[in-house]
Amino acid sequence: MPGSHGSLTKAGKVRSQTPKVKGKERHSAIPRMRNKKNYLKRYVKGREVGQAR
């Protein structure tokens, strides 16, 4: 490989300077609501498994 794309002494510079942002706390939907959503998706709208929204 001819040449390089920047020196190795600068590797990771931007990531180390970026402030850490806390992730959002996530939780799964209430089972009853999840089942209702799946029912609507599968039987009312007739969508297949693996199909995008």
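How each quantity is defined
Residues numbered from 1 in each chain as written. Predicted model: local features only at pLDDT ≥ 70, side-chain atom pairs only at ≥ 80, totals over all residues. Heavy atoms only, no water. Patch = residues over 30% accessible without salt bridge, like charges linked within 9 Å, V, L, I, M, F, W, Y side chains within 5 Å. Areas by Shrake-Rupley, 256 points an atom, 1.4 Å probe, with all protein chains shown as cover. Salt bridge = Lys/Arg side-chain N within 4 Å of Asp/Glu carboxyl O. Lys, Arg positive; Asp, Glu negative; His and termini not counted. Charge placed at Lys NZ, Arg CZ, Asp CG, Glu CD. Helix = DSSP H or I, 4+ residues; strand = E, 2+ residues; numbered from the N terminus. Buried < 20%, exposed > 50% of the residue type's maximum accessible area, 1.4 Å probe, protein only. Expected span 1.5 Å × (residues − 1). 1 Å grid on protein atoms, 1.4 Å probe; cavity = no way out; pocket = protein on both sides within 12 Å on 5 of 7 lines; lining within 4 Å. Points joined across faces, edges and corners; volume = space filled by probe spheres on them. Nonpolar A, V, L, I, M, F, W, Y, C, P; charged D, E, K, R; others polar.

**Some thoughts on a positive patch on the surface**
(1) Moving on: On the surface, a cluster of positive charge is contributed by Lys37, Lys41, Arg42 and Lys45.
(2) Moving on: Positionally, Lys41 belongs in helix α2 (residues 31-44).
(3) Moving on: Residue class for Lys41 comes out partly exposed when judged on its relative accessible area of 40%.

**Some thoughts on α2**
(1) Moving on: Spanning 14 residues, α2 covers 19 Å between terminal C-alpha atoms, matching the ideal 20 Å at 1.5 Å per step.
(2) Moving on: Directly after α2, the chain includes Gly46, whose backbone phi takes a positive value near 70°.

**Some details on the layout of surface pockets**
(1) Moving on: Its boundaries defined by the atoms lining it, the second largest pocket holds a volume of some 150 Å³.
(2) Moving on: Together, Ala29, Arg34, Lys37, Asn38, Leu40, Lys41 and Lys45 line the second largest pocket.
(3) Moving on: A breakdown of the residues in the lining of the second largest pocket according to their chemical character gives two nonpolar, one polar and four charged.

Worth remembering: the numbers are spatial, not functional.
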